[in-house]
Amino acid sequence: MPPFLSRLGLAGALLVLAHVAPAAAESQAPIPLPEAIRSAGVIRVGIEATYPPMAYKDPATNERRGLNVDLVTAIAKELNVTIQWEEMTFEQLITGINAGRVDFSGSSMTDLPARREKLSFVDYIATGPQIFTTSRQSGGIATPLDMCGKTIATPRTTNYFPTAQAWSETHCVAAGRPPMQVIGTAGAAASRADLQQGRANAALLGAEYVAYLRQQDPGTFVAIGAPIARNLSGLAFPRSNPGLRDAVAAALKRLVANGTYLALLKKHGLEAQALTEITIDAGQ
């Protein structure tokens, strides 16, 4: 090959690399963070570790496990920061965020318009209130409508309680059926206990939790129809700190693009609830 053609080939290759390299570098550029967090290198994350498979304690080791734990850990890696976990009850999460005790909530929280008066959400998973019962109590309960006139247990501190009441008004009372009796409980574990101990005919909890229970105890629990509503769950931030919210959203989008997001959902059996796009404050 004549020398000038070799030189031309090399020059062409260098020209291509010159255009490709900046694009590749830009795609992996550091995600901007608020200066206080960037300089500290730490994010304080509130977590309620009592809600499998999202966040819970391994009974054998007492270590935190769950999708939210894995996902926030992956986000922190993308942001090049470490996590300072702060364990709280669900009720303490919102006050903890607004009082500045934590930077955001790493627990699943339904993105609702009423909550957005004080909080902003990075939505990362589809969810919904799922009616379920035990296999021994499932006789006569084949669809959600079969719950009219029966009792259902659900946590009083979540949106599931008013959702169950509203569903009963629309689908039972308005149709001339007896209302579904909604029992408010202290949490998911209490709702499950009321069901298993016969104090309720069924329970209403997040679709992800019901999926977890059915995986852990095959043949014990029966899902009744589809979730009675569709919601988005998000990581919650103070409205006063959009910079951190946007950084976390950008990190999540990278995890979606590189396959980490879906791999983590599959790890916990939740791939059916995956979102194709990470959104902000998109809950209904």
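Coordinates for the structure precede this section.
Residues numbered from 1 in each chain as written. Predicted model: local features only at pLDDT ≥ 70, side-chain atom pairs only at ≥ 80, totals over all residues. Heavy atoms only, no water.

Caption draft 1: Representation of the overall build of the chain. Across its full length, the chain carries nine helices and 14 strands. Across its three principal axes, the chain shows a C-alpha extent of roughly 90 × 45 × 40 Å. In the chain, buried positions account for 46% of the 284 residues. Sequence-distant contacts in the chain: of pairs separated by 6 or more residues, those separated by 24 or more amount to 76%. (Helix = DSSP H or I, 4+ residues; strand = E, 2+ residues; numbered from the N terminus. Buried < 20%, exposed > 50% of the residue type's maximum accessible area, 1.4 Å probe, protein only. Contact = heavy atoms within 4.5 Å.)

Caption draft 2: Representation of helix H9 (residues 260–267). Along H9, the residues classified as buried are Tyr261, Leu264 and Leu265. End-on view of H9: buried residues confined to an arc of 100°, all on one side of the axis. Among the exposed residues of H9, those pointing more than 90 degrees away from its buried face are Lys266 and Lys267. The inward-facing, buried residues of H9 abut helix H3 (67–79), strand S7 (119–127) and helix H8 (242–257). Remark: Gly269 follows H9 within two positions and exhibits a positive phi of approximately 70°. (Arc of directions from axis to C-beta.)

Caption draft 3: Representation of the nonpolar core. Leu79, Phe104 and Leu252 are the most contacted members of the largest nonpolar core, which totals 67 residues. With eight residues, H3 is the single largest residue contributor to this core. The residues touching Leu79, leaving out its near neighbours within four places in the chain, are Ile31, Leu33, Ala247, Val248 and Ala251. With nine residues, the next largest nonpolar core counts Phe90, Leu93, Val102 and Ala236 among its residues. (Core = buried A, V, L, I, M, F, W, Y, C linked by side-chain atoms within 4.5 Å.)

Caption draft 4: Unusual backbone geometry, seen in detail. Look at the link from Pro52 to Pro53: it is a cis peptide, with omega at 5°. If you check the backbone angles, Asn62 has positive phi at about 65° while not being a glycine. Position of Asn62 among the secondary structure elements: in the loop between strand S3 (55–57) and strand S4 (64–65). Residue classification places Asn62 among the exposed residues on the basis of a relative accessible area of 53%. The phi dihedral of Asp281 falls on the positive side, at around 55°, and the residue is not glycine. Its place among the elements puts Asp281 in the segment after strand S14 (279–280).

Caption draft 5: Region of the structure containing the sheet that holds strand S11 (residues 202–206). Taken in spatial order, the five strands line up as S10-S9-S11-S8-S12 in an open sheet, and their pairing is mixed. Every other strand in the sheet has two partners, leaving strand S10 (181–185) and strand S12 (221–223) as the edge strands with one partner each. Each strand of the sheet is rotated relative to its neighbour by a mean of 35°, with strand direction disregarded. The pairing of strand S9 (residues 151–155) with S10 spans five bridges and is classified as parallel. Counted as the bridge partner of Thr151 is Gln181 from S10. Where helix H5 (residues 160–173) meets the sheet, it contacts strand S8 (129–134), S9, S10 and S11, and its direction lies at approximately 175° from that of S10. (Pairing = 2+ DSSP bridges. Axes fitted to C-alpha atoms, helices over the stretch in contact; angles between N-to-C directions.)

Caption draft 6: The arrangement of the state of the cysteines in detail. Summed over the entire model, instances satisfying the criterion amount to one disulfide. Between the sulfur of Cys148 and that of Cys172 lies a disulfide, 2.0 Å long from S to S. For the disulfide bridge between Cys148 and Cys172, the dihedral angle about the S-S bond is near -85°, and by the sign convention the bridge is left-handed. With Cys148 in the loop between S8 and S9 and Cys172 in helix H5, the pair connects residues that are 24 residues apart, well separated along the chain. (Disulfide = S-S within 2.5 Å.)

Caption draft 7: Geometry of the pattern of salt bridges. In total, this model carries twelve salt bridges according to the counting rule given. Of the charged contacts, one joins Glu78 and Arg254 as a salt bridge, the two residues approaching to 3.7 Å between their closest N and O atoms. Taken as a pair, Glu78 in helix H3 and Arg254 in helix H8 lie far apart in primary sequence, 176 residues in all. A relative accessible area of 19% means that Arg254 is categorised as buried. What emerges from the salt-bridge pattern is a single network uniting Lys57, Arg64 and Glu87. (Salt bridge = Lys/Arg side-chain N within 4 Å of Asp/Glu carboxyl O.)

Caption draft 8: Broad picture of the packing of H3 against H8. Interaxial distance between H3 and H8 falls to 9 Å at its minimum, and their mutual angle equals 105°. What the angle tells us is that H3 and H8 run roughly perpendicular. Residue-level contacts link Leu71, Ala74, Ile75, Glu78 and Leu79 of H3 to Ala247, Val248, Ala251, Leu252, Arg254 and Leu255 of H8. (Parallel < 35°, antiparallel > 145°, perpendicular 65-115°, else oblique.)

Caption draft 9: A look at the environment of Ala186. Considering the arrangement of structural elements, one finds Ala186 in the loop between S10 and helix H6 (188–196). In the structure, Ala186 is positioned 32 residues away from Thr154 in sequence and 8.4 Å away in space, judged by C-alpha atoms.

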